[in-house]
Amino acid sequence: MTPKNQPLSGNAMPRFGGIASMMRLPVADSAQGLDAAFIGVPLDIGTSHRPGARFGPRQIRAESSLIRPYNMATGAAPFDTLQVADLGDVPINTYSLEKSLVIITAFYEPVLAANCIPLTLGGDHTIALPILRAMAAKHGPVALVHVDAHADVNADMFGERIAHGTPFRRAVEENLLDCHKVFQIGLRGSGYASDDFDWPRQQGFTLVPAHEVWYQSLAPLMAKIRAHIGTTPCYLSFDIDGIDPAYAGGTGTPEIGGLSVPQALEIIRGCHGLKLVGGDLVEVSPAYDTSGNTALLGANLLYEMLCVLPGVTRR
């Protein structure tokens, strides 16, 4: 039996030292033999306001050095049963959004062909579209749990069909999603018109605006979502701006009145039991939070995603 990779212990190397891979895991150049992998996509040329998410993967990896392998809250021990590594970054074309999408999909195809579940460090939310293209090519239209302040279903932005506000409109048009098993949680903010959220509802999406779940546990909601999605392959897409900027200010399009950190944990932990085939954590823009707290939160949420993947044991 091949020994399972383990995060480098803080007793073997100080946490401020060593190579800054995700959770200080080994860096691999192939998904062969891996059950799950962390992948960075340092792209932010799809942003519409504050840039800087291209630096998200690097900062998330740096802040992940504090995370230990065993989840004390849930008992999850992902490194006992899964072979996990960091596959590095997708070499996007920093001058072309269209070419970058092709590069991203091509990077993920062999990962999925190796039956490796990718967990992605963004990057802006544009990256969800090329990843979903690879997902649907393998699994067919997937269910989606989408945490975000914004629905990201714009018809276009400045006349462009590809941007960080359009990925899920394009995903519907390309038949990448099982639309009646799509849940968007945390939506809020001002809009251009009162019907801004009507289009996703018309496609069959279930919308959970942030103000409807203020001060509430989201565990009951996640139980309903699990029952509804069932055994359909499911993708988890988590925009850090779904969380209130009081906790995660390092992002490009912050909106007040968002989810709390415990609610974010309830959402991800509530995905335990779903047939998760991938996940992402996007829109961390480190320059707007020099404390590093937003990237630290992002790193921990990615770890929590790892902990709810199929096959992870709980001790």
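Coordinates for the structure precede this section.
Now for a quick tour of the structure. (Residues numbered from 1 in each chain as written. Predicted model: local features only at pLDDT ≥ 70, side-chain atom pairs only at ≥ 80, totals over all residues. Heavy atoms only, no water.)

**Structural notes on the packing of aromatic side chains**
Let me state the cut-off plainly: Here is the rule: rings of Phe, Tyr and Trp (six-membered ring for Trp) pair when centre to centre is within 6.5 Å. Planes less than 30 degrees apart are stacked, more than 60 are edge-to-face, and the remainder are tilted. Residue burial is assigned from relative accessible area. The probe radius is 1.4 Å, only protein chains are included, and a residue is buried under 20% of its type maximum, exposed over 50%, and partly exposed in between. Whether a charge sits over a ring comes down to the Lys NZ or Arg CZ being within 6 Å of the ring centre and within 35 degrees of the ring normal.
Summed over the entire model, instances satisfying the criterion amount to 2 aromatic pairs. Ring geometry for tryptophan 214 and tyrosine 215: centres 6.5 Å apart, planes at 65°, overall edge-to-face. Of the residues examined, tryptophan 214 reaches a relative accessible area of 42% and is grouped as partly exposed. For tyrosine 215, a relative accessible area of 82% corresponds to the exposed category. Lying across the ring of tyrosine 288, arginine 50 places its NZ or CZ 4.1 Å from the centre. The side chain of arginine 169 reaches across the aromatic face of tryptophan 199, ending 3.9 Å from its centre.

**Quick word on the environment of aspartate 280**
Applicable threshold: Secondary structure elements follow DSSP: runs of H or I of four or more residues count as helices, runs of E of two or more count as strands, with numbering from the N terminus. Whether two residues are in contact is decided by their heavy atoms, any of which lying within 4.5 Å being enough.
Mapped onto the elements of the fold, aspartate 280 is located in strand 8 (residues 276-282). Excluding its chain neighbours within four sequence positions, the residues that come into contact with aspartate 280 are Thr120, His125, Ala128, Tyr235, Leu236, Ser237, Phe238 and Met305.

**Observations concerning the sheet that holds strand 7 (residues 234-239)**
Heads up, the rule is: DSSP calls a pair of strands paired once it identifies at least 2 bridges connecting them. Axis geometry follows a simple rule: fit a line to the C-alpha atoms, using only the stretch in contact for helices, then measure angles between N-to-C directions, giving values from 0 to 180 degrees.
Strand order across the open sheet formed by 8 strands is 2-1-3-8-7-4-5-6, with parallel pairing between neighbours. With partners counted over all chains shown, the strands left at the sheet margins are strand 2 (84-89) and strand 6 (206-209), one partner each. Averaged over all pairs of adjacent strands, the angle between strand axes in this sheet comes to 15°, irrespective of strand direction. Pairing between strand 4 (residues 142-147) and strand 7: 5 bridges, direction parallel. In the sheet register, valine 145 faces strand 7, and the bridge partner there is leucine 236. Helix 3 (residues 97-113) rests against strand 1 (36-41), strand 2, strand 3 (117-122) and strand 8 of the sheet, and its axis sits at about 175° to strand 1. Along the sheet, helix 9 (residues 293-307) contacts strand 1, strand 2, strand 3, strand 7 and strand 8; its crossing angle with strand 8, the most-contacted strand, is approximately 175°.

**Details of the packing of helix 3 against helix 4 (residues 128-139)**
Just so we agree on the cut-off: Whether a crossing is left-handed or right-handed is set by the direction in which the near helix is turned from the far one by less than a right angle, anticlockwise for left-handed and clockwise for right-handed. Put simply, Ala, Val, Leu, Ile, Met, Phe, Trp, Tyr, Cys and Pro go in the nonpolar bin, Asp, Glu, Lys and Arg in the charged bin, and everything else, Gly too, in the polar bin.
Running from N to C, helix 3 and helix 4 point in directions that differ by 40°, and their axes come no closer than 8 Å. Remark: the crossing between helix 3 and helix 4 carries right-handed chirality. Of helix 4, the residues touching helix 3 (which contributes Leu101, Ile104, Thr105, Tyr108, Glu109 and Leu112) are Leu129, Pro130, Ile131, Arg133, Ala134, Met135 and Lys138. A per-class count over the contact of helix 3 with helix 4 returns 9 nonpolar, 1 polar and 3 charged.

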